[in-house]
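If you want the building blocks of each chain, they are given just below.
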Amino acid sequence: MKRDLVVVLDFGGQYNQLIARRVRECSVYCEVHPYTIDIEKLRAMNPKGIIFTGGPNSVYGEDSPQCPMEVYSMGVPVLGICYGAQLMAYQLGGKVETAPVSEYGKTEVTVDKNGKLFGNVQENIICWMSHTDYIAQPPEGFKVTASTPVCPVAAMEDADRGYYAVQFHPEVLHTQEGTKMLEAFVKDVCGCQGNWKMDSFVEETVRAIRERVGNGKVLCALSGGVDSSVAAVLLSKAVGKNLTCVFVDHGLLRKNEGDEVEAVFGPEGHYDLNFIRVNAQQRFYDKLAGVTEPERKRKIIGEEFIRVFEEKAKKIGAVDFLVQGTIYPDVIESGLGKSAVIKSHHNVGGLPDCVDFKEIIEPLRMLFKDEVRKAGLELGIPDYLVFRQPFPGPGLGIRIIGEVTEEKVKIVQDADFIYREEIAKAGLDRDINQYFAALTNMRSVGVMGDFRTYDYAVALRAVTTSDFMTAEAAQIPWDVLNKVTNRIVNEVKGVNRVFYDCTSKPPGTIEFE
Ligand code: XMP
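Residues numbered from 1 in each chain as written. Predicted model: local features only at pLDDT ≥ 70, side-chain atom pairs only at ≥ 80, totals over all residues. Heavy atoms only, no water.

Caption draft 1: Looking closely at helix α7 (residues 257–265). Every buried residue of α7 is listed here: E257, G258, V261, V264 and F265. Buried residues in α7, looked at end-on, bunch into an arc of 135°, giving them a common side. (Buried < 20%, exposed > 50% of the residue type's maximum accessible area, 1.4 Å probe, protein only. Helix = DSSP H or I, 4+ residues; strand = E, 2+ residues; numbered from the N terminus. Arc of directions from axis to C-beta.)

Structure representation (C-alpha cells):
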C-alpha cells in the first residue's frame, strides 16, 4: 500500500514530537528530521507536505538555523509554526522583528475563516503562543489570516504557492481545534488521504521482516512490557519458530507476572515461537543481599540481567538478528542531536555488546507509544498486556527501600496486588497513569487483636501524568484508599500501616528510588 508522508523539519522546538503525533492522529504518516537534512534525501522521500517546527532562536540572530531555499521550490506545501513561521516570512522577503509585546500562554486569536487552515474552526479561538519576535510584515503575495490585538500576523498564507504559517502552536492541546488546522493542512492543502492505519502497518512490517530475515535466526529479550511484547509478536508472525524469546524472571516482578508472561508467550500460549523462561530469582536475591544504596541496586540488577541473558544466548548459539523494542520517541530524542531526556535506566539497551548477532531489528522504531498499543491490539495481544502501566527494569528492587529480601518482595507483591485490584474495581485504572505499592523501610508499633505488632509500613503511590517527566499525585477517593488500607493490613502478613504519597514530581520522583 502506498502511504503519504509529511515531514516535520525540526528547528529545535520542544514540540517536535507533538506535531508528528497530531499529524498521525489524522491518519497521515509523519516523520521528524533535523532541518539540516540533505535536500536530495528529503526530495527522495517524496513528502506531500513539510512542516517547520518552532525553535528557541531569532531568525535574524547569528547562526540561527535556516532552511535551504530549495525546500520552498520543491512544489510541496510548507507550513511554518512559530519560529518556522518567522523563518518563512524572513526567507521569503517579509520582516521579522522583536515584538513590542511578547505573548506567552493562552491567547485569543481571531482567524479569517476563508484561510485554508481555518475553514472548520471558530472565528475566535484560544491558541497557545510563545514568542518574543513577530512577523511585522508578511512577504509579498501573502495574506494575513489570523491576528491578535498585539500580533498583527498570527497566521498568513500564500495559497497559490502553497505556503502557510502560524505564529501559535496548533499541536498543543491548549490551542482549541488545533488538530483541525493541522488536518486541514495535511488533507485539504497537501492532499494526503489519511490511510495510515495500524492494520496496514502490521501487514507491511510483517512482510518487510520476512523479506529481510529470510530463514535467519532471531533472538528477542522479552520483558512482558508493551514494547518488547509487540515487537516479539510481530517477529513471530513474520518468522515463526525462527524466533527465540528469552524472558528473564529476576524475582522482582509483580505478583503472578512471570506466569502471566509465560501463559501468553510460552508453549501453552497464543504464539508460534520458542519461549525460554529463565528463573533467576535466587541469583538476583543473592547479589542484592545486604545492599541498600539505590544506585548500587540498580547497577547490580542491570548487570546481572545482562549476564543471565548472555549465558542463555551463548547456549542458543550465534543468531543473525537481535530484536529491540526501540520506539520513536527514543529515536527522536537520541537522533536529532538535541539534549537527550533519556533516563539512565536499565533496559535492554545494554544488550547488543554481549550477544553474538549480525544485525538489529527494531520493528517499532517509527511508532509512538499509543501506536505501539494499537498495533498490539491489532496483533491480538491481550488488553492487560497492551495497556500495562510502565514498570521499571529493576522492578520491585527499587520499590523496596533498603535491602531487598525475598520476604520483602512477597510483602510488596501482595500489597501491590490488592491495590491494583481495588483501583480496577473502582474503575480508576485507565485514569491513573501509574500506581503501585512500595515498601518503606520503616517499622512501627501497632496493635492487632490483643497483640502488639512491630511491622512494616506500605506506601501507596498513584500519579497522573502525560509524559512521566512531571506528575501530580492522583486524587483517589477516600473510601477507595480506606478499603485498600484495610485489606492490606488484614491480608498481608508483616504490614501494620499504610501511607498515601501526596508528593508531586518534582520534587519527588514517581518511583521511590
Ligand atoms: P521516575 O521515578 O524517574 O520515573 O519519576 C519516571 C518513569 O520511568 C520509570 N522508571 C524506569 N523505567 N527502567 C525503566 O525502564 C528504570 O530503571 C526506571 N526507573 C523509573 C518509572 O516507572 C516511571 O514510569
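Caption draft 2: Local environment of the packing of aromatic side chains. Tallied over the entire structure, the rule returns 14 aromatic pairs. Arranged with centres 5.4 Å apart and planes meeting at 70°, the rings of F11 and F52 form a pair that is edge-to-face. Pair noted here: F11 is in the loop between β1 (5–10) and α1 (16–25) and F52 is in strand β3 (residues 49–52), with a separation of 41 residues, a long-range link. Accessibility assignment for this pair places F11 and F52 in one class, buried. One aromatic cluster is present, built from ring pairs that chain together F11, Y35, F52, Y72, Y83, F142 and Y163. In this structure, R3 is placed above the aromatic ring of Y29, and the distance from its NZ or CZ to the ring centre is 3.8 Å. The ring of F387 carries R430 above its face, with NZ or CZ at 4.0 Å from the centroid. (Phe/Tyr/Trp six-rings, centres within 6.5 Å; stacked < 30°, edge-to-face > 60°. Lys NZ or Arg CZ within 6 Å of the ring centre and 35° of its normal.)

Caption draft 3: Local environment of the environment of G325. In this structure, G325 sits in the loop between β13 (321–323) and α10 (328–335). Residues G325 and E472 lie 147 residues apart in sequence; the distance between their C-alpha atoms is 28 Å.

Caption draft 4: Structural view of the sheet that holds β13. One open sheet holds the five strands; their spatial order is β12-β11-β10-β13-β14, and the pairing between them is parallel. In the strand order of this sheet, the two ends are held by β12 (274–279) and β14 (359–361), each with one partner. When the angles between neighbouring strand axes are averaged without regard to direction, this sheet yields 25°. Along the sheet, α7 makes contact with β11 (243–249) and β12, crossing β12 at roughly 165°. (Pairing = 2+ DSSP bridges. Axes fitted to C-alpha atoms, helices over the stretch in contact; angles between N-to-C directions. Contact = heavy atoms within 4.5 Å.)

Caption draft 5: A look at the packing of helix α5 (residues 198–213) against helix α11 (residues 369–378). At their nearest, the axes of α5 and α11 sit 9 Å apart, and the two run at 75° to each other. When the axes of α5 and α11 are compared, the pair comes out roughly perpendicular. Residues M198, D199, F201 and V202 of α5 touch α11, and the partners they reach there are E371, K374, A375 and E378. Of the residues contributing to the contact of α5 with α11, the split by class is four nonpolar, no polar and four charged. (Parallel < 35°, antiparallel > 145°, perpendicular 65-115°, else oblique. Nonpolar A, V, L, I, M, F, W, Y, C, P; charged D, E, K, R; others polar.)

Caption draft 6: Structural detail: the nonpolar core. Ranked by internal contacts, the top residues of the largest apolar core, which has 122 residues, are I50, F52, L243, F265, L460, I476 and I488. Examining the composition of this core, we find that nine residues originate from one element, helix α6 (residues 226–239), more than from any other. Beyond its immediate stretch of four places on either side in the chain, L243 contacts V218, C220, A232, L235, S236, L273, N274 and V323. Ranked by size, the runner-up nonpolar core spans 39 residues in total, among them V109, C127, F168 and M181. (Core = buried A, V, L, I, M, F, W, Y, C linked by side-chain atoms within 4.5 Å.)

Caption draft 7: Seen up close, the sheet that holds strand β9 (residues 163–166). The strand order β2-β1-β3-β4-β9-β8-β7-β5-β6 describes an open sheet built from nine strands, whose pairing is mixed. Across the chains shown, the open sheet's two edge strands, defined by having one partner strand only, are β2 (29–34) and β6 (124–137). When strand polarity is set aside, the average angle formed by the axes of neighbouring strands in this sheet is 25°. Two elements, strand β5 (residues 95–111) and strand β7 (residues 143–148), share two bridges in a ladder whose sense is antiparallel. Counterpart to T110 in the pairing with β7 is S147. Seen against the sheet, helix α3 (residues 83–91) touches β3, β4 (78–81), β5, β6, β8 (151–158) and β9 and runs at an angle of roughly 120° to β4. Strands β1, β3, β4, β6 and β9 of the sheet are contacted by helix α4 (residues 178–189), whose axis makes an angle of about 165° with β4.

Coordinates in, geometry out; function isn't part of it.
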